[in-house]
2 protein chains.
Amino acid sequence: MAAQRLLVDVHSHVYLPRYASFLRSRTSAPRIFSRPNPNPLANGKSEERLLILDNEPSVGRPIGPQYWDREEKLKFMDRHGIDISIISSANPWLDFLPASTAHELARELNTDLETYCSTAPSLASAPSLKRLYGFGLLPLVTFASMTSLLDTIDQILTLPHLRGIIMGTKGVGRGLDDPALEPVWHVLAQSGLVVFLHPHYGVDGQAWGEQENGHVLPLALGFPFETTTAITRMILSGVFDRHPTLHVLLAHSGGTLPLLSSRLASCIAHDPIVASRLQHDARHYLGKLYFDAVAYGAEELGFVSDAIGRAGAFTNPNPNPSEGEGVVGHTANSRGVGLEVRRIVGSARMLFGTDHPFFPPLEETERWMSVVENLDAIDGVDGWGQEEKDAVRGGNALKLFGLS
Amino acid sequence: MAAQRLLVDVHSHVYLPRYASFLRSRTSAPRIFSRPNPNPLANGKSEERLLILDNEPSVGRPIGPQYWDREEKLKFMDRHGIDISIISSANPWLDFLPASTAHELARELNTDLETYCSTAPSLASAPSLKRLYGFGLLPLVTFASMTSLLDTIDQILTLPHLRGIIMGTKGVGRGLDDPALEPVWHVLAQSGLVVFLHPHYGVDGQAWGEQENGHVLPLALGFPFETTTAITRMILSGVFDRHPTLHVLLAHSGGTLPLLSSRLASCIAHDPIVASRLQHDARHYLGKLYFDAVAYGAEELGFVSDAIGRAGAFTNPNPNPSEGEGVVGHTANSRGVGLEVRRIVGSARMLFGTDHPFFPPLEETERWMSVVENLDAIDGVDGWGQEEKDAVRGGNALKLFGLS
């Protein structure tokens, strides 16, 4: 019973020491480099900065031990009352590497992350559990061989503290709707591993214009746009029709998919090219996905929960229409289930996260504002009772990652 | 009292005959061209197609009299019980033209649209009202002179049936956060004209990948992404701090701004470049905007209403912080106002729309599915009473456009 009250962070990143060293050895993005610290209080000491993308605003961002040091992670967890974190490598993962290097480094980093987790302290209140679990990496890079991908999934399945994989949106160079990935989805669906889909590239930077807005536009908009595009392309390609047991967890509460899902369903129903392709109305698929609760607002979380909770109303009871007989969105009736029920049903697929070590406070504080906002948001959702809030804070994660 | 029950469509497009002829004379996008109709039932007759963008999927879309013929517009309105439509030119407006042509054509099209509206039938139930009103065009193109823009606003103010302007996202070539547009916002804010902000470009098409998905991705995702980016850039540039009386109506229920507004507020508060720039938390500005109700789902509309309705909780009572003293989102408390109240408050800024003549049904039907979906959505919003639904269907538009 006590285990149901744990606080579990499913969105927590690390640059493992081996990876950070690798980034320090590079001379172009992604890289970690040193420069004189411009802060007068630094007394001329140098600072390390992380540059993820070429032409990144503000010449990247300052980086420190919280990005690689496990003790810093545990201190952060203690300070915020987080019992367990499911740790994932931060973007850009291995995306920029040639296939052979990516395969080797993926295997090494998976082993590193297993050690990072397995040698971590156990949870005092539930000693059978560790405080750290992880998402492994696959060598998802251009020209990756299927053998290397399947080999790495096999490796992850032998590492008991790795319970999923984190994945960007490029696949093997042509996105996640690439038919070449079919064997990967097949094996992942059978394995029970959770696929954490996370953005990195945003959208073409020209969209952000010429004014100086720091990292706001790529982070606040570009990241959610990228995730939304990737998952929509997966839906449109039929991945979830073919692999309904695939567990995909979407970063940042699914980006904008929940708010665009009815528009998406309508656009599909109005387009002769795709109207008859899918087994279900687009809104059905939200009920197959998982969403972190990293949206910074209670109204947002409540709505995401509604969009998940209504999915069943858009499930086609006869999912194999004859040729030319499309799934027509408006025949489904989301009104059949009341608001209260929808909102509770949806909560079962939402999971607390922090995005640590990103979004540090601008000034030293005991608790990070980004974490407080996400905890307050869960607490403030109208229509969620104590049971749903506890589930979103930890219970759902314990189930999804098989931690009990 | 009866006027409060009117159905008013604020999102209804036209390619005026003069504009359609102009597109027919062009040999590159945007253009209207003829080709043999591939449908066997057409018996070898040709069809006209509209190609808005180069490399558009499906070689554009079929186009017919419903795009330019006023009688077709009125028939569509009658068939769907729409009393009044506020007509706007459809994208890409004048974006592709040299400045001198754009100025001349804007003036001509504004006069055409005034005639289109002023010679339309009056409303039987309220004979002081016409059935058609309009949004004019400004020559917002690269190298447009400020004189030509202000001259065209002056012209529109002399045309009594034009109650606003429709605007894309490019401004005079550098977007809507371009300081060069300051005099335009100033005059528009003073004029009371409604600015209908509408997408055209989407995002860079590479994001859509290589699979054939018709128009689904650019329409379902690209359009809302573009609108979201444009309005966010306007907010970040301080337009609404300097011009709080500006009336901006966002297409497609604001794209994804409502769902990303708390994330946006958090990203601003965590970015040293912008944290101290704005007078208010980002969520405040949603309470200054108007949103069409073209979102195809009741849950979506309910959430947009929540996001508008909570805006007041994020208004900074002391909007001129001293240097370095940023607006900190989490000090505002959106919990201070209950769900029911927020949802009702927000409805006052939402307005029914159809997006006609786009999204025609794939097969002949008496009523268009796209319209039925949007009407059903309004009817299905939990927490809206008859009064709010009537307001969204028409009452809010009558007020915003000064129709009484």
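Not measured: the values here are computed from a predicted model.

Trainee: Please explain the nonpolar core as it appears in this structure.
Mentor: Taken as a class, soluble globular proteins show a tendency for nonpolar side chains to be buried jointly. Grouped together as the largest cluster of nonpolar side chains are 260 residues, with contacts concentrated most on Phe401(A) and Phe401(B). With residues up to four places along the chain from it excluded, the contact list for Phe401(B) reads Val10(B), Ile86(B), Phe135(B), Arg163(B), Val194(B), Leu249(B) and Leu351(B).

Trainee: What exactly am I supposed to notice about the interface of chain A and chain B here?
Mentor: By a frequent convention, interface size equals the accessible area lost on bringing the separate parts together. At the junction of the two partners, chain A supplies 77 residues and chain B supplies 76 residues. Surface buried jointly by chain A and chain B totals about 6500 Å² across both partners, of which 63% is contributed by carbon and sulfur atoms. Between chain A and chain B we count ten salt bridges in total. The shortest N-O distance in the salt bridge between Asp382(B) and Arg342(A) comes to 3.1 Å. At the surface where chain A touches chain B, the tally comes to 26 residue pairs in polar contact (both at pLDDT 80 or more). It is helix H6 (residues 216-236) of chain A that contributes the most residues to the side of chain A that touches chain B, 13 residues altogether. Of the residues belonging to the side of chain A that touches chain B, the class tally is 36 nonpolar, 23 polar and 18 charged.

Trainee: How should the pattern of salt bridges be read in this particular structure?
Mentor: Think of it this way: side chains of opposite charge can pair up when their charged atoms draw near. The full count for this structure, using the stated rule, is 44 salt bridges over all chains. One salt bridge connects Glu299(A) with Arg342(B), and the closest N-O pair in it is separated by 3.2 Å. Taken together, the residues Glu299(A) in helix H9 (residues 298-309) and Arg342(B) in helix H10 (residues 339-347) connect one chain to another. Like Glu299(A), the residue Arg342(B) is buried in the burial classification. The residue Arg131(B) makes a salt bridge to Asp78(B) at a minimum N-O spacing of 2.7 Å. Of the two residues, Arg131(B) is situated in the loop between strand S7 (126-130) and strand S8 (132-136) and Asp78(B) in helix H2 (residues 70-79); the sequence distance between them amounts to 53 residues. Through salt bridges with shared partners, one network takes in Glu299(A), Glu300(A), Asp382(A), Arg310(B) and Arg342(B).

Trainee: Help me out: how do you make sense of the side chain of Asn91(B) in this one?
Mentor: Residue and element names in this part refer to chain B. With respect to the secondary-structure elements, Asn91 resides in the loop between strand S5 (84-89) and helix H3 (99-118). Of the polar contacts made by the side chain of Asn91, one reaches the side chain of His200; its length is 2.9 Å. When sequence neighbours within four positions are dropped, the list of residues in contact with Asn91 reads Tyr15, Ile52, His198, Pro199, His200 and Phe223.

Trainee: For this particular structure, what's the right way to read the sheet that holds strand S8 (residues 132-136) of chain A?
Mentor: Two pairing modes exist for strands in a sheet, parallel and antiparallel, and in both the strands are linked by backbone hydrogen bonds. Residue and element names in this part refer to chain A. Read from one edge to the other, the open sheet built from eight strands follows the order S1-S5-S8-S9-S10-S11-S12-S13, with strand pairing classed as parallel. The sheet terminates laterally at strand S1 (8-14) and strand S13 (350-351), the two strands that pair on one side only. As paired strands, strand S5 (residues 84-89) and S8 are joined by four bridges and run parallel to one another. If you follow Ser88 over to S8, its bridge partner there is Phe135.

Trainee: Please clarify how H10(B) should be interpreted in this entry.
Mentor: Residues lying three or four places apart along an α-helix face the same way, a consequence of the helix completing one turn every 3.6 residues. Those residues of H10(B) that fall on the buried side of the exposure criterion are Leu339(B), Arg342(B), Arg343(B), Gly346(B) and Ser347(B). One face of H10(B) carries all of its buried residues, which in axial projection span an arc of 135 degrees. Close packing links the buried residues of H10(B) with H9 of chain A together with helix H9 (298-309), strand S13 (350-351) and helix H12 (386-400) of chain B.

Trainee: Sorry, what's going on with the UniProt feature "domain: Amidohydrolase-related" (unreviewed entry) in chain A here?
Mentor: Sequence positions flagged by UniProt for "domain: Amidohydrolase-related" (unreviewed entry) are, in local numbering, residues 9-267 of chain A. Helix makes up 37% of residues 9-267 of chain A and strand 20%, with an end-to-end C-alpha separation of 35 Å.

Trainee: Hey, could you run me through the pairing of strand S9 (residues 162-167) of chain B in this one?
Mentor: Across a regular strand the side chains alternate sides, sitting on one face of the sheet and then on the other. All names here are of chain B. The buried count for S9 comes to five of six residues, which makes it a mostly enclosed element. Sheet topology places S8 next to S9; three bridges connect them, and they run parallel. Its bridge partner lying in S9, Gly134 is registered against Leu162. For the crossover from S8 across helix H4 (residues 146-157) to S9, the handedness is right-handed. Handedness of the crossover joining S9 and strand S10 (residues 194-197) through helix H5 (residues 182-191): right-handed.

Trainee: Would you take a moment to explain the sheet that holds strand S4 (residues 61-62) of chain B for this structure?
Mentor: Residues and elements named next belong to chain B. Spatial ordering of the open sheet is given by S2-S3-S4, a layout of three strands whose pairing is antiparallel. Every other strand in the sheet has two partners, leaving strand S2 (31-36) and S4 as the edge strands with one partner each. Contacts from helix H1 (residues 17-24) reach S2 and strand S3 (46-51), with the element oriented near 65 degrees to S2.

Parameters and conventions
Residues numbered from 1 in each chain as written. Chains lettered and ligands numbered in written order. Predicted model: local features only at pLDDT ≥ 70, side-chain atom pairs only at ≥ 80, totals over all residues. Heavy atoms only, no water. Core = buried A, V, L, I, M, F, W, Y, C linked by side-chain atoms within 4.5 Å. Buried < 20%, exposed > 50% of the residue type's maximum accessible area, 1.4 Å probe, protein only. Contact = heavy atoms within 4.5 Å. Buried area = accessible area lost by both parts, 1.4 Å probe. Salt bridge = Lys/Arg side-chain N within 4 Å of Asp/Glu carboxyl O. Polar contact = N/O pair within 3.5 Å; in protein donor to acceptor, adjacent residues only side chain to side chain. Helix = DSSP H or I, 4+ residues; strand = E, 2+ residues; numbered from the N terminus. Nonpolar A, V, L, I, M, F, W, Y, C, P; charged D, E, K, R; others polar. Pairing = 2+ DSSP bridges. Arc of directions from axis to C-beta. UniProt positions renumbered as here; feature names shortened; annotations may be inferred. Right-handed = clockwise from strand over helix to strand, strands pointing away. Axes fitted to C-alpha atoms, helices over the stretch in contact; angles between N-to-C directions.

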